[in-house]
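Summary of the model geometry
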Amino acid sequence: MTRYFVPFVFVVTLLPSYAAEKPRVYITESQAAQASGDAKAGEIQGSLSFTGGSSPQNIEVMKTFAERCPGVVVTSNREKADFTVRLDHEPASPATPFIKGNKVAVFDRNGDLLHSASTRLLPSAVKGACAAMTGHK
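Here goes a summary of the coordinates provided.

**Thoughts on the nonpolar core**
The biggest cluster of nonpolar side chains holds 17 residues, and the ones touching the most others in it are Val25, Phe65, Val85 and Met133. When residues of this core are traced back to their parent elements, those giving at least two are β1 (24-28), α1 (56-68), β5 (83-89), β6 (102-108) and α2 (122-134). When residues in this core are grouped by element, the largest group, six residues, is from α2. For Val25, the residues in contact, after removing those within four places along its chain, are Val72, Val73, Val74, Thr75, Ala81, Phe83, Val85 and Met133.

This is the structure in structure tokens:
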């Protein structure tokens, strides 16, 4: 009986480096935070007020992106983001009080518009934005 020796060849593949990680997305609304104040003149002192910031709707958008767009990472650091998504909610209409419209725009790192749309449902807005970011080279 003849025995044959069959050598085993191990192929090692390296995972993509950290540089090929998921793109980062910064999510915001059109209405930015605002500060206002008055100048001081003599004995009269002014006041400063700050309004704006992250709304509960913005947090819901972040949650929806995390759930429905696994190809990106949501970041709170605008400087490290590859994309900026601006999503605004339209007020509810008397005809459809429980459905709000959503306007979405996706910008690349250079500030160039890649995608814009208006949708009735937030998941549809996220789907379109996600496709624009994950398909962008």
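**As for the sheet that holds β5**
With mixed pairing, five strands are arranged side by side in an open sheet as β4-β1-β5-β6-β7. A single partner strand is all that each edge strand has here, and the edge strands are β4 (73-75) and β7 (113-119). For this sheet the average axis-to-axis angle between neighbouring strands, irrespective of direction, equals 25°. As paired strands, β1 and β5 are joined by four bridges and run parallel to one another. The partner of Tyr26 across the bridge, within β5, is Thr84.

**A closer look at the state of the cysteines**
Applying the stated criterion across every chain, the model contains one disulfide. Across the disulfide from Cys69 sits Cys130; the S-S distance is 2.0 Å. On the S-S bond that ties Cys69 to Cys130, the torsion sits near 85°, and the link is right-handed. One end of the pair, Cys69, is in the loop between α1 and β4; the other, Cys130, is in helix α2, with 61 residues separating them in the sequence. Each member of the pair, Cys69 as well as Cys130, is classed as buried.

**Regarding the pattern of salt bridges**
Counted under the stated rule, the structure contains two salt bridges. The shortest N-O distance in the salt bridge between Glu21 and Arg24 comes to 3.6 Å. Take Glu21: its relative accessible area is 33%, and that puts it in the partly exposed class. Note on Arg24: relative accessible area 23%, which makes it partly exposed. For Asp82, the salt bridge goes to Arg109, with nearest N and O atoms at 2.8 Å. You can see Asp82 sitting in the loop between β4 and β5 and its partner Arg109 sitting in the loop between β6 and β7, a full 27 residues away along the chain. For Arg109, a relative accessible area of 51% gives the class exposed.

Reading the values: rules and limits
- Residues numbered from 1 in each chain as written.
- Predicted model: local features only at pLDDT ≥ 70, side-chain atom pairs only at ≥ 80, totals over all residues.
- Heavy atoms only, no water.
- Core = buried A, V, L, I, M, F, W, Y, C linked by side-chain atoms within 4.5 Å.
- Buried < 20%, exposed > 50% of the residue type's maximum accessible area, 1.4 Å probe, protein only.
- Helix = DSSP H or I, 4+ residues; strand = E, 2+ residues; numbered from the N terminus.
- Contact = heavy atoms within 4.5 Å.
- Pairing = 2+ DSSP bridges.
- Axes fitted to C-alpha atoms, helices over the stretch in contact; angles between N-to-C directions.
- Disulfide = S-S within 2.5 Å.
- Salt bridge = Lys/Arg side-chain N within 4 Å of Asp/Glu carboxyl O.

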